Amino acid sequence: MTYLQAIILGLAQGLSEFLPISSSGHLALLQYFFDVSAENVLPFAVLLHLGTLVSVFIIYWKDIVELVKELGAVIKDVFTGKGLRVNANPTRRLGFMIIVATIPTAIIGLVFNDAFAALYLSLIAIGIGLLITGTILCIAERMGRSNKSVKEMKFRHALFVGIMQGIAICPGISRSGSTLFGGLISGLNKEFAVKFAFLISIPSILGSVIVEAPDAFKEGLDMALIGPVAVGVIVSALSGIFAIKAMIKLVSQKRLIGFSFYTWALGIAVLVYATMFV
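Just so it is clear, the structure is predicted and the values come from calculations on it, not from any experiment.

(A) Highlighting unusual backbone geometry. The backbone phi angle of Ser-22 is positive, close to 80°, even though this residue is not glycine. Positive phi values are uncommon outside glycine, yet Arg-85 reaches one of about 50°. Arg-85 sits in the partly exposed class, given a relative accessible area of 40%.

(B) Region of interest: the environment of Ile-173. For Ile-173, the position within the fold is in the loop between α8 (155-167) and α9 (175-185). A relative accessible area of 7% means that Ile-173 is categorised as buried. As for Ile-173 and Thr-133, which are separated by 40 residues in sequence, their C-alpha atoms are 5.2 Å apart. Discounting chain neighbours no more than four positions away, the residues touching Ile-173 are Ser-22, Ser-24, Gly-129, Ile-132, Thr-133, Ile-167, Ala-168 and Ser-178.

(C) Structural view of the side chain of Glu-17. In this fold, Glu-17 is placed in helix α1 (residues 3-18). Residue Glu-17 is classed as buried on the basis of its relative accessible area, which comes to 5%. Of note is the side chain of Glu-17, whose polar atom sits 3.0 Å from the side chain of Ser-23. Polar side-chain contacts of Glu-17 include one of 3.4 Å to the side chain of Arg-175. When near neighbours in sequence (up to four residues on either side) are disregarded, Glu-17 contacts Ala-12, Ser-23, His-49, Thr-52, Arg-175, Ser-176 and Ile-205.

(D) Looking closely at the packing of helix α4 (residues 61-79) against helix α5 (residues 90-111). Here α4 crosses α5 at 90°, and the two axes come no closer than 9 Å. In terms of orientation, α4 and α5 fall into the roughly perpendicular class. Only Thr-91, Arg-92, Leu-94, Gly-95, Phe-96 and Ile-98 of α5 make contact with α4, whose side of the interface consists of Glu-66, Leu-67, Glu-70, Ala-73, Val-74 and Asp-77. In terms of residue class, the contact of α4 with α5 is made up of six nonpolar, two polar and four charged.

(E) Geometry of α4. End to end, α4 covers 28 Å across 19 residues, agreeing with the expected 27 Å (1.5 Å per residue, within 8%). Those residues of α4 that sit buried are Ile-64, Leu-67, Glu-70, Val-74 and Asp-77. Taken around the axis of α4, the buried residues stretch over an arc of 130°, which confines them to a single face. In α4, the exposed positions that point more than 90 degrees away from the buried face belong to Trp-61, Lys-62, Val-68, Lys-69, Lys-76 and Phe-79.

Rules and cut-offs
Residues numbered from 1 in each chain as written. Predicted model: local features only at pLDDT ≥ 70, side-chain atom pairs only at ≥ 80, totals over all residues. Heavy atoms only, no water. Buried < 20%, exposed > 50% of the residue type's maximum accessible area, 1.4 Å probe, protein only. Helix = DSSP H or I, 4+ residues; strand = E, 2+ residues; numbered from the N terminus. Contact = heavy atoms within 4.5 Å. Polar contact = N/O pair within 3.5 Å; in protein donor to acceptor, adjacent residues only side chain to side chain. Axes fitted to C-alpha atoms, helices over the stretch in contact; angles between N-to-C directions. Parallel < 35°, antiparallel > 145°, perpendicular 65-115°, else oblique. Nonpolar A, V, L, I, M, F, W, Y, C, P; charged D, E, K, R; others polar. Expected span 1.5 Å × (residues − 1). Arc of directions from axis to C-beta.

Right under this line is the structure:
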């Protein structure tokens, strides 16, 4: 893997993880056309995910600190006999909503992991996933008229968003697009829907890293790749910060339709290529 390939892969991961265009689909396509072996790209992909995780922590640092503090308060309340007190304050309620949303994502990922992994090798599956992404973004563009905040959010809404995030494990289906769709369908206001989508990405990304890391690093990391890998991870983190800020602005301005056209066009191109040349 060259430095240029690492930069391109890092840029693709950082931008497409948070912009609704599917990081899994783009990385799979780049891996295919760069002719990079799975053995070489898997450790790199795991580290790229850590780079994008850094992006979320930087943008939502204050929220994350408040959530961690509230977790400590919950533990204290439990041990002093006060119970969970889910509705004690908005931060605590948000924390429980994140936990509830993570449960279906984890179940889907663990149960269907092998099936999803096989789809990464299919250009047809990736192309269909991109078409699905474009469609849900088109629907999401028309949503967002409701104004539910974390106070009005129900556990069923968190479950639905978590299911949508789990479905996005399929290559070509955008995680950010799916979770945003789930939030807007549930009636969350646009600003909170975006924040919730990115905050629930933390346990999702961290979980995927934990699951994939043993296989990715069982033979260690080729020392010759350390330089390109480090550069790629830095690029993924920086581009991730840009993508999150851009996504917050674009959703508030109802400008998702452009991503629909992009994913539709890319999906059709992938399907045509797979049908005619593979």
